[in-house]
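# Structural overview for review
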Amino acid sequence: MKPAEQAQKQAEEAMDGFILWSKRVILWSTFFLVLVVVACNSGVDGSGSGYNGEQYSPSNLNAKE
């Protein structure tokens, strides 16, 4: 086998391995992120932060309306 043919074969094997591991890493990362988002969102009841704007309204200002 000529050196050019060996280099071509080695490059193709390396590229196939790179694509395979890239797919695996992306799939596992996506699975992990979905799992984290679902786990962190399962305790949310939709009530928001419970901020009460009336509590902080300036009632001691004599504003003329």
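Refer to the preceding data block for the structure.
What you see is a predicted model; the values in this text were computed from it and never measured.

What counts as what
Residues numbered from 1 in each chain as written. Predicted model: local features only at pLDDT ≥ 70, side-chain atom pairs only at ≥ 80, totals over all residues. Heavy atoms only, no water. Helix = DSSP H or I, 4+ residues; strand = E, 2+ residues; numbered from the N terminus. Buried < 20%, exposed > 50% of the residue type's maximum accessible area, 1.4 Å probe, protein only. Areas by Shrake-Rupley, 256 points an atom, 1.4 Å probe, with all protein chains shown as cover. Phe/Tyr/Trp six-rings, centres within 6.5 Å; stacked < 30°, edge-to-face > 60°. Lys NZ or Arg CZ within 6 Å of the ring centre and 35° of its normal. Patch = residues over 30% accessible without salt bridge, like charges linked within 9 Å, V, L, I, M, F, W, Y side chains within 5 Å. Salt bridge = Lys/Arg side-chain N within 4 Å of Asp/Glu carboxyl O.

## Description of the overall build of the chain
- Within the chain one finds one helix and zero strands.
- Buried residues in the chain amount to 0% of all 65 residues.
- Carbon and sulfur atoms provide 61% of the accessible area of the chain, an area that totals close to 6600 Å².

## Some details on the packing of aromatic side chains
- Evaluated as defined, the whole model comprises one aromatic pair.
- Summarising the aromatic geometry, the rings of Trp 28 and Phe 31 are spaced 5.9 Å apart at their centres and angled 90 degrees between planes, so their arrangement reads as edge-to-face. With Trp 28 and Phe 31 both in helix H1 (residues 3-41), this residue pair falls three residues apart, about one helical turn.
- You can call Trp 28 exposed: its relative accessible area is 61%.
- Geometry around Trp 21 places Arg 24 over its ring, the cationic atom sitting 4.6 Å from the centre.

## With respect to a nonpolar patch on the surface
- Together, Met 15, Phe 18 and Ile 19 make up a nonpolar patch on the protein surface, roughly 300 Å² of accessible area in all.
- Considering the arrangement of structural elements, one finds Phe 18 in helix H1.

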